[in-house]
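So the chains spell out like this:
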Amino acid sequence: MALRGNHASRGYTLVELLIVIVIMGIAGALVVPSFSQTGVLRVQSAVRMIVSDITSAQSDAVAFQRGMGIIFYDEPTGPRYVLAEVSGNRLDPDLDRVLERRLTGSEFGECVFSAIGFTSNQVVFDGLGGPVDSPGSATPAGTGFIEVRGSGLTYRISVEAYTGRVTVADVTPSGEEGGESGS
């Protein structure tokens, strides 16, 4: 004699399945936009790194009481820059290199230098941390800048004349992702 129980095999009802699908859809709708922001965050990371290296060059110039500079290169393989010590009246990225950064690939949101507004594509600090016209010069440099573009945004990093104050502004043209605002 076989025992029969009152336990019927129970599956999920259509209502339960629809509730789970709706919840997963809502969660997906919240997560997907955050994934699309990773390119923007990567470009901002590149901007922060450049600002950090500019201020580091300026701090080192003051700490070691000798000129420091950064040379920016906009190359077909991607943007890069070299931080180097000033030797006499020259800034030699091969002999006096302290640091080289390449901002290539998806790690930095495929960013590019869209404009370089420094004399000879370089910013040079004297032993007091002030920006100067050229290596070994005592003539103060005017305000210079570099623009970094990627993921639909453009950021301008400026180094002010005399003080060397570094500022960043979002200069994305109207109609693109970021709009115009300063920071």
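Nothing here was measured: the structure is a model prediction, and the numbers come from that model.

What counts as what
- Residues numbered from 1 in each chain as written.
- Predicted model: local features only at pLDDT ≥ 70, side-chain atom pairs only at ≥ 80, totals over all residues.
- Heavy atoms only, no water.
- Helix = DSSP H or I, 4+ residues; strand = E, 2+ residues; numbered from the N terminus.
- Buried < 20%, exposed > 50% of the residue type's maximum accessible area, 1.4 Å probe, protein only.
- Lys, Arg positive; Asp, Glu negative; His and termini not counted.
- Salt bridge = Lys/Arg side-chain N within 4 Å of Asp/Glu carboxyl O.
- Polar contact = N/O pair within 3.5 Å; in protein donor to acceptor, adjacent residues only side chain to side chain.
- Pairing = 2+ DSSP bridges.
- Core = buried A, V, L, I, M, F, W, Y, C linked by side-chain atoms within 4.5 Å.
- Contact = heavy atoms within 4.5 Å.
- Phe/Tyr/Trp six-rings, centres within 6.5 Å; stacked < 30°, edge-to-face > 60°.

S.K.: Quick question: what am I supposed to make of the side chain of Asp170 here?
M.R.: With respect to the helices and strands, the residue Asp170 is situated in strand β10 (residues 166-171). Arg156 provides the closest opposite charge to the buried, unpaired Asp170, separated from it by 10 Å. Within the structure, the side chain of Asp170 is placed 2.6 Å from the side chain of Thr172, a separation counted as a polar contact.

S.K.: Honestly, the pairing of strand β2 (residues 78-87) in this entry has me stumped. Any pointers?
M.R.: Taken residue by residue, a regular strand's side chains alternate between the two faces of the sheet. Along β2, 9 of the 10 residues are buried, which leaves the element largely enclosed by surrounding structure. With 8 bridges connecting them, strand β1 (residues 68-75) and β2 associate as antiparallel partners. Its bridge partner being in β2, Glu75 is matched across the sheet by Gly78. The antiparallel pairing of β1 with β2 creates a hairpin that spans 2 residues between the two strands. One ladder, built from 2 bridges, connects β2 with strand β3 (residues 90-91); its direction is antiparallel. Along β3, the bridge assignment pairs Ser87 with Arg90. A loop of 2 residues connects β2 with β3, the two strands running antiparallel in sequence, and Gly88 in this loop sits at a positive phi of about 65°.

S.K.: Help me out: how do you make sense of the nonpolar core in this one?
M.R.: Counting 29 residues, the largest nonpolar core has Ile50, Phe72, Leu103 and Ile157 as its most contacted members. Residue assignment for this core shows that the elements contributing at least two residues are α2 (38-64), β1, β2, β6 (122-125), β8 (144-150) and β9 (153-159). Ranked by residues supplied to this core, first place goes to α2 with 10 residues. Ignoring anything within four residues of it in the chain, the contact list for Ile157 reads Val47, Ile50, Val51, Ile54, Gly144, Phe145, Ile146, Val148, Val166, Thr167 and Val168.

S.K.: How should I be thinking about the packing of aromatic side chains in this particular structure?
M.R.: The relative placement of two aromatic rings is captured by the distance of their centres and the angle of their planes. The full count for this structure, using the stated rule, is 3 aromatic pairs. Considering the side-chain rings of Phe72 and Tyr81, the 5.6 Å spacing of their centres and the 45° angle between planes classify their relative orientation as tilted. Taking relative accessible area as the criterion, Phe72 reaches 1% and is therefore assigned buried. By relative accessible area, which is 1% here, Tyr81 ends up buried. Taking 5.6 Å as the distance between ring centres and 15° as the angle between the ring planes, the aromatic pair formed by Phe72 and Phe118 counts as stacked. Of this pair, Phe72 sits in strand β1 while Phe118 sits in the loop between β5 (112-116) and β6, placing them 46 residues apart in sequence.

By themselves, these figures tell us nothing about what the structure is for.
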